[in-house]
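Each chain is listed here by its residues.
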Amino acid sequence: MQQVWPLPARDLDEAALEELYTYPAGDEDRDHWLAVNFVSSLDGGIEVEGTSAGLSTPADRRVFALGHDLADVVLLGAGTAVAEDYPGLRPDATTTARRERHGLSPVAPLALVTSGASLPADATSVTDVEVPSIVITCASAPEDRRRAWQDAGAHVVLAGEEEVDLADAVAQLADAGLRRIDCEGGPGLVGSLLARGLVDEIRLSIAPLAVAGRAARVASGPAALSPPAAFEVASLLVDDSTLLVRYVR
C-alpha cells in the first residue's frame, strides 16, 4: 500500500498503516472521536444487490478492520445491522495484539441505533455477540421491546424522547469510556450524524468499480445539509487501484 498524501510518497508496512488509522488521543476540547467507515464505487454507490460486500477489496478490508480494531465501540443503524446480518466482533490474534498495544478492551461492543421497530430482539447483532451489545433508543420505544432486548442480553440506553437524540447518545457513549467511535452505517444514520455536526472523520474506500442503477450513497436524509459540512484530506493511499481517503472535519 502506498501513501500518496501527505508527501513524501512512501510505501506503508502494517505498523505504519496502523499508526495512520489510530484514533486521536483525547483532549479537554474533544471528548470523543467519531469516524465513519464506508466503501464506495467510483460512481458513488455503496451497495451491490443490497450489501457492501460486492464492493469491498483487500485494501478496503484492511482499513475497515483497523476501524473497529482500534475503536472502543462500533456504531450501527439497526436497519443496516439487520440487513447485513451483522454479528458481534470476534477478534483474531492480530486484533487481540493490536488492542492490547493500544490499551483497549478485548472486544469492542456494537451500539445499535433504533427507534424501536427496526431491531428484533433475536437479531444477530444482539444475540451472536461475545460482549453485550448496546441498544440506543428513545423513550417512546415500546417497553415490551426494550424488555426483550434486555432479556436477550443487550444493554439499553435511552437518548431522546420521540426519536433518538444522537448528540446525547454519543455523549453517553463517551461518558461510559467509549470515546473512539467507529460508525459503519447506514446512510440514514450517517446523514443524521453529519446534520448534527457529530462526524469528526470520514474514511472512504473507493473501489475501482462502477455500479450505476439506484444504489444508495454514503449519507442520506430528508434534507441536504446547508451549508454542506466541510472536511479536508488527512491522507490518501493507493493499493491495486483502490483509493483510501481519510477526511477530517
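Within every chain, residues take consecutive numbers counted from 1 along the sequence as written. Per-residue local features of the predicted model are confined to residues with pLDDT of at least 70, and side-chain atom pairs are confined, for both listing and counting, to 80 or more; whole-chain, interface and lining totals are unaffected and use all residues. Excluded from the side-chain calculations are hydrogens and water; all other atoms, namely the structure's heavy atoms, are used.

1. Re the nonpolar core
Put simply, a nonpolar core is a bunch of buried Ala, Val, Leu, Ile, Met, Phe, Trp, Tyr and Cys residues held in one set by side-chain atoms that sit within 4.5 Å of each other. Relative accessibility under 20% of the residue-type maximum defines a buried residue, over 50% an exposed one, and the middle range a partly exposed one, all with a 1.4 Å probe and only protein chains included. Core analysis: the largest hydrophobic core is formed by 31 residues, its most contacted members being Leu34, Leu75, Ile136 and Leu193. Numbering of helices and strands runs from the N terminus, with a helix taken as a DSSP run of H or I at least four residues long and a strand as a DSSP run of E at least two residues long. Of all the elements in the fold, those that place two or more residues in this core are strand S3 (33–41), strand S4 (73–77), strand S5 (110–113), strand S6 (134–137), helix H7 (166–175), strand S8 (180–183), helix H8 (187–195) and strand S9 (201–207). Contacts between residues were defined by any pair of non-hydrogen atoms, one from each residue, lying within 4.5 Å. What Leu34 contacts, discounting residues up to four positions off in sequence, is Leu75, Val170, Ile181, Cys183, Leu193, Leu198, Val199, Asp200 and Glu201.

2. Thoughts on empty space enclosed by the protein
Buriedness of a pocket was judged along seven lines, with at least five required to meet protein on both sides within 12 Å; pockets are open sets of points on a 1 Å grid over the protein atoms alone, cavities are sets where a 1.4 Å probe fits but cannot get out, and lining residues have an atom within 4 Å of a point. Grid points are joined across faces, edges and corners, and a volume is the space filled by probe spheres set on the points. One pass over the structure, following the stated rule, counts 2 cavities of 30 Å³ or more. Here the largest cavity is characterised by a volume of approximately 50 Å³. Every residue along the wall of the largest cavity is listed here: Tyr21, Asn37, Phe38, Asp60, Val63, Phe64, Arg203, Leu204, Ser205, Leu244 and Val245. For the lining of the largest cavity, the elements supplying multiple residues, two or more each, are S3, helix H2 (58–69), S9 and strand S11 (242–248). Gly counts as polar in this scheme, as do all residues outside two lists: the nonpolar Ala, Val, Leu, Ile, Met, Phe, Trp, Tyr, Cys and Pro, and the charged Asp, Glu, Lys and Arg. When its residues are assigned to classes, the lining of the largest cavity shows 7 nonpolar, 2 polar and 2 charged. Within this model, the second largest cavity holds a volume of roughly 30 Å³. Classifying every residue of the lining of the second largest cavity by side-chain character gives 7 nonpolar, 2 polar and 1 charged.

3. Observations concerning the UniProt feature "domain: Bacterial bifunctional deaminase-reductase C-terminal" (unreviewed entry) in the chain
UniProt positions are given in the numbering used here, feature names are shortened, and annotations may be inferred rather than shown by experiment. When the UniProt feature table is mapped onto this chain numbering, "domain: Bacterial bifunctional deaminase-reductase C-terminal" (unreviewed entry) sits at residues 33–223. Secondary structure across residues 33–223 comprises 31% helix and 19% strand; the distance between its end C-alpha atoms is 25 Å.

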